[in-house]
Structure formats: structure tokens, C-alpha cells
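Letter by letter, the chains look like this.
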Amino acid sequence: MARHIELERKYDAEADLALPDLRQVGGCVRVGPPQTHILRASYFDTEDLRLAARGITLRRREGGGDEGWHLKLPAGKDTKREIRTSLDAGVHAVPPELSELVAAHVRGRPLVRVAELETHRTERDLLGEDGTVLAELADDTVRARRLSRDGREVALLRWRELEVEAVEGSREVVERIGGRLRESGARESAATSKLARALDDDIAPVRRPAATRTAGDVLLTYLGEQVERLLACDPQVRLAESDDDSVHRMRVAVRRIRSVLRTHRSIVDPARVRALDAELRWLAGVLGEVRDLEVQNARFHRRLAELSGTHQEPAWLLEMATEEHRARDRVREALLTRRYYDLLDALDAFLADPPMNARAGRPAAEETPRLVARAWRKMMRRYDRAARLPAGHDRDAALHGTRKAAKRARYTAEAASAALGSPAAKLARRAERLQDILGEHHDGAVAVERLAATVGRPDTPAADTFVAGRLTEVERRESARVLEDLPAAAKKAAKRKPLRKLGKK
């Protein structure tokens, strides 16, 4: 499969609009000769248009220089991540390698043809002084057929639109060219894609809670944001073959959801939360297996590079790469299960019909500070207990518990910041500092345990044992150094002023 990031702007144009001279616009000095194509595309979605609702397009297109199957996923303002596969990967059915990338939205529902488009395209390259293609200008006359559930045509639409897509040029180049088109009479398109324009009123956009008036609003708004992050990471996790941060970001979204559900348990139905938490814990565990191996792999490679002398990569480190690859396969399998789809449905149901009690309706300025303060006190109590323990396994376990409490306090303060402002944001940063220090210490402790297990194996070569021993020394020394920063971070976190300021906006 081919992948690339697409940056483009779309403009509506009347049939008689004359294209302006685009030379000297955004560094463009020459316009290439026109090339014409007829593009025929079939678009696939669920019957209730779940993909279109999220700005996702999945099509099979014939004609032009990039014919084939195309999946476009939103990746930011005017930007989409496009994944392509060959035309012969399928004719009437979506290729599995693409259907799996939208499985989190489709959740087992069939993908059917929802529209057919025929585009008469005139394409021109916009070139810079050195001949570099800065952007492509496509002048499209579109005929779209909207299809009913049984595949019959229900509407026929026609329009003209202009597309400016960056090739080697920047966003600024694309915007300047778009500015000249608007000056000539073109209008910026309200539709994000041709499919969105063809389906129009049939699309029901996904709307997440976005209010901060009550304590319940704060919880739901934050949960909605994290569910969207989880879904955005899903296809990237399926595509990743190595550490691209997608597993980490998806795992963090799951952890944030779990944390705020726990810290807000006094305002929700505990039975619903317990059931949801159990499934979130399962998903976090599946993702965590990969993430922990990513962290340790990167850590050992970095340490190995820092050691004086030349060391061949030990066999046990190569085995870790194999472990990580297998763990990624298990993640992909888990993300295709009914259990995962049911979890996503349960999150949607929670947001659509939240099981909240009367306390959730209290003003955020009154109730949310109490929830933040409770999580904060728990974090500090755990730190105080850990700080009194002597160095060793028990203290390491207590510090790990403090780290978990710091995460919950941080995420609770993050959720509150939309309603309570800078005091909550400041608390979140202080908890994050504690979390970072304790996280680095925990990673070091895990590294030492893994190295000890490696050295303890009778089949480990002497040279690999020697390397493991040197790395163990480094990890222990670094763990001690990291903890030197902990008292200052804890002292700052213990200050009461930000807590007192919560709710006093």
C-alpha cells in the first residue's frame, strides 16, 4: 500500500468562470500544459454513512495517473492521510487491507456503494523557477449519482470545482493560489470532499459534548475528546510496523478515559463505570504489551550506543524486536474483535446517554474542584508513604503507585482546565512533572528486571551477559540520578495555592 499526506483546498466555481493567470503567485513562474482525464469513482460506506460522518472517504477510482483504491483519513486542517492500493485489489468489495483501517467506525457493518462520481478533469502543474512542481490545479466538472440502499439512483447532481493540491510547495503557496482564485470569482467550498457534497443532507456529523457548565459537562467533554483521539489513532496503529508513537497515543487516550471515569465516580453510576473500566483495562493491556517493548527496545539501543567501545547487538535485543513484532500482530487481531467493537459502542452509548446522578448537575465551579482536590490528595499521600520507605523493591512498588496516582491527578486537572482555567492547567503540569520523573524511574526498574532475566538464562553467550551487566550498572546509576529530582517536584506539587484557586475565576 502507498501512503502520503495530502494538502489541498477546494473552491466552487460557476461553469463560465475563467481561470486567472497564476504566474507570480506564491512563487509560481510557469503553468504547465493542461492534461485531461475522465475519472470514474465508486464510493463505499455503511448504509448510515458512518465514514462520511467523520470526513473519511473510501473509493475505487478508474482513470487518471493514480487510479486504484483510495482511503482518505482526516489528518488536520485541509489535510488528509491517503492510503492507496491497486485497482485489481477488488472490484465490488473493498480490499481487506483498507476495510480493516476503518473497522473502528464500521464495527462489522457491511460496506456498500453509496455514490458514483464521474469527473471530467483538466489538470495543470504550477511550477517554480527551477521547474519544481509546487502545486497541481485541477479544474473538475463533476456528475454525481447518489445511490439508495438497493443501489438505485436517487439523485443526480452536477457542479464545477477547483482543487489546489500541494506537491513540493508549502501551505502558504496553496493559500496564495487559492486567494487568486477567490479574487477571480471562485468560492471556498463548504464541503470537505466531492462525496460530502454528493451526499449532503444525508450525512449526520458526529457531535461530541462540548460544554463546561456542570461537573457532568466537564467529564463528558473530556471523555468525548479522548474517544476521538482513540479513534484517530486506530488506523495508524494498524499500519505501524515500528514505533511511530501511535500505540503510545492510543494507550494514553485509553488511560485518560479510565482515569477520569475513576476520579469522577461520585457523579456517575458505579455499575456502568465498572463494566466499562474492565474493558478499557483489557484494551490498555493489549496496547501496553507493545508500548513497553517499544520503550525498552529504544532504551537499550540508546544505552548501547552510549557505552564506550564497540559492542555487537546482543541476541537478546534481537529477540525483543521479534517479541514486539508479535505483540503488534496481537494488537491488530484485538482491534478486529467483536469485543473491541462492543467497547467502542459502549463508549458511544455512555456519551449519548450518560449514567449520571444529581451531583453531576452541580456547577463545575463548585463540584469539579472537589474532584481535582481528592485526586491530588491521594497522589500526595502515596508519595509521602513511598518517600518514607528505604530503597528497594517495596519503595519501587510504592513509587510506581504514586506514578499511577499522578496520572489520574494530571488527567483530572486537564479535564477541569476547560472550566476552571489556568489553576487547573498549572496543577496538570505539576502532576505531569511527577509522572515523568517516576515514569523514567519505573522504566529503569523494568529494564533492570529484564536484564537480570537475560543474564539468568543458561544459553546467553558470555559476551551478551557482559553487555547486560554493563547496561544494568548504567540503569541503576540513572535511576538513582532521576530520583534526585523527585523531592523538588513533590514539594512544588504539595503547594496549596493552585488548589485554593480552583473555582475562583
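The structure presented is a predicted model; accordingly, all values stated were derived computationally and were not measured. (Residues numbered from 1 in each chain as written. Predicted model: local features only at pLDDT ≥ 70, side-chain atom pairs only at ≥ 80, totals over all residues. Heavy atoms only, no water.)

A. Just unusual backbone geometry, in detail. The residue Gln 24 is not glycine, and still its phi comes out positive at about 70°. For Gln 24, the position within the fold is in the loop between β1 (2-12) and β2 (30-31). When its relative accessible area of 64% is taken as the criterion, Gln 24 is described as exposed. Positive phi, normally seen in glycine, also occurs at Arg 107, with a value near 55°. With respect to the helices and strands, the residue Arg 107 is situated in the loop between α3 (103-106) and β7 (112-127). A relative accessible area of 4% means that Arg 107 is categorised as buried. (Helix = DSSP H or I, 4+ residues; strand = E, 2+ residues; numbered from the N terminus. Buried < 20%, exposed > 50% of the residue type's maximum accessible area, 1.4 Å probe, protein only.)

B. Molecular detail of the pattern of salt bridges. Under the defined criterion, the tally for this structure stands at 68 salt bridges. The residue Arg 176 makes a salt bridge to Glu 172 at a minimum N-O spacing of 2.7 Å. A residue pair is termed a helical-turn pair when its members lie 3 or 4 positions apart in one helix, as Arg 176 and Glu 172 do in helix α4 (residues 171-183) at four residues. Residue Glu 172 is classed as partly exposed on the basis of its relative accessible area, which comes to 45%. With a closest N to O distance of 2.9 Å, Glu 367 and Arg 370 form a salt bridge. On the criterion of helical spacing, the pair formed by Glu 367 and Arg 370 is a turn pair, its members being three residues apart in helix α11 (residues 364-387). Taking relative accessible area as the criterion, Glu 367 reaches 0% and is therefore assigned buried. (Salt bridge = Lys/Arg side-chain N within 4 Å of Asp/Glu carboxyl O.)

C. Up close: the layout of surface pockets. As a volume, the largest pocket reaches approximately 1100 Å³. Only α6 (215-239), α7 (246-263), α8 (270-306), α12 (393-420) and α13 (422-455) provide two or more residues apiece to the lining of the largest pocket. Here the element with the most residues in the lining of the largest pocket is α8; it accounts for twelve residues. For the lining of the largest pocket, the residue count by class is nine nonpolar, ten polar and 22 charged. By volume, the second largest pocket amounts to about 590 Å³. If you go around the second largest pocket, you meet 34 residues; those closest to its centre are Glu 6, Arg 61, Asp 66, Arg 121 and Glu 165. Mapped onto the lining of the second largest pocket, the elements with two or more residues apiece are β1, β3 (35-45), β4 (57-62), β6 (79-85), β7, β8 (133-147), β9 (153-166) and α5 (194-199). Counting residues per element, the lining of the second largest pocket draws most heavily on β3, which supplies five residues. Of the residues contributing to the lining of the second largest pocket, the split by class is eight nonpolar, eight polar and 18 charged. (1 Å grid on protein atoms, 1.4 Å probe; cavity = no way out; pocket = protein on both sides within 12 Å on 5 of 7 lines; lining within 4 Å. Points joined across faces, edges and corners; volume = space filled by probe spheres on them. Nonpolar A, V, L, I, M, F, W, Y, C, P; charged D, E, K, R; others polar.)

D. Layout of the side chain of Arg 60. Residue position: Arg 60 is located in strand β4. At 2.8 Å, the side chain of Arg 60 forms a polar contact with the side chain of Glu 62. Within the local environment of Arg 60, its side chain forms a polar contact with the backbone oxygen of Leu 87, the two atoms lying 3.2 Å apart. With near-sequence residues (within four places) excluded, Arg 60 lies in contact with Arg 40, Ala 41, Ser 42, Gly 68, Trp 69, Leu 87, Gly 90 and Val 91. (Polar contact = N/O pair within 3.5 Å; in protein donor to acceptor, adjacent residues only side chain to side chain. Contact = heavy atoms within 4.5 Å.)

E. How the structure looks around the packing of aromatic side chains. Applying the stated criterion across every chain yields a total of three aromatic pairs. Here the aromatic rings of Phe 44 and Trp 69 are separated by 5.3 Å at their centres, their planes lie at 45°, and the arrangement is tilted. Here the residue Phe 44 occupies a position in strand β3, and Trp 69 occupies one in strand β5 (residues 68-76), the gap between them amounting to 25 residues. Plain terms: the ring middles of Tyr 340 and Tyr 341 are 6.2 Å apart, the flat faces sit at 50° to each other, and that makes the pair tilted. Like Tyr 340, the residue Tyr 341 is buried in the burial classification. (Phe/Tyr/Trp six-rings, centres within 6.5 Å; stacked < 30°, edge-to-face > 60°.)

F. Layout of helix α14 (residues 462-483). With 22 residues, α14 extends 32 Å between its outermost C-alpha atoms, agreeing within 8% with the 32 Å of an ideal straight helix rising 1.5 Å per residue. Among all positions of α14, only Asp 464, Val 467, Ala 468, Leu 471, Thr 472, Val 474, Glu 475, Ser 479, Val 482 and Leu 483 are buried. Turning to α14, the residues buried within the fold contact α8, α9 (315-334), α12, α13 and α15 (486-493). (Expected span 1.5 Å × (residues − 1).)

G. Representation of the nonpolar core in the model. Formed by 91 residues in total, the largest nonpolar core has its most connected members in Leu 230, Leu 283, Tyr 340, Trp 376 and Met 379. Sequence-distant contacts of Trp 376, that is, excluding residues within four places in its chain, are made with Ala 409, Leu 427, Arg 430, Ala 431, Ala 493 and Leu 499. Within the second largest apolar cluster, 19 residues are counted, among which are Ala 13, Leu 137, Ala 166 and Leu 181. (Core = buried A, V, L, I, M, F, W, Y, C linked by side-chain atoms within 4.5 Å.)

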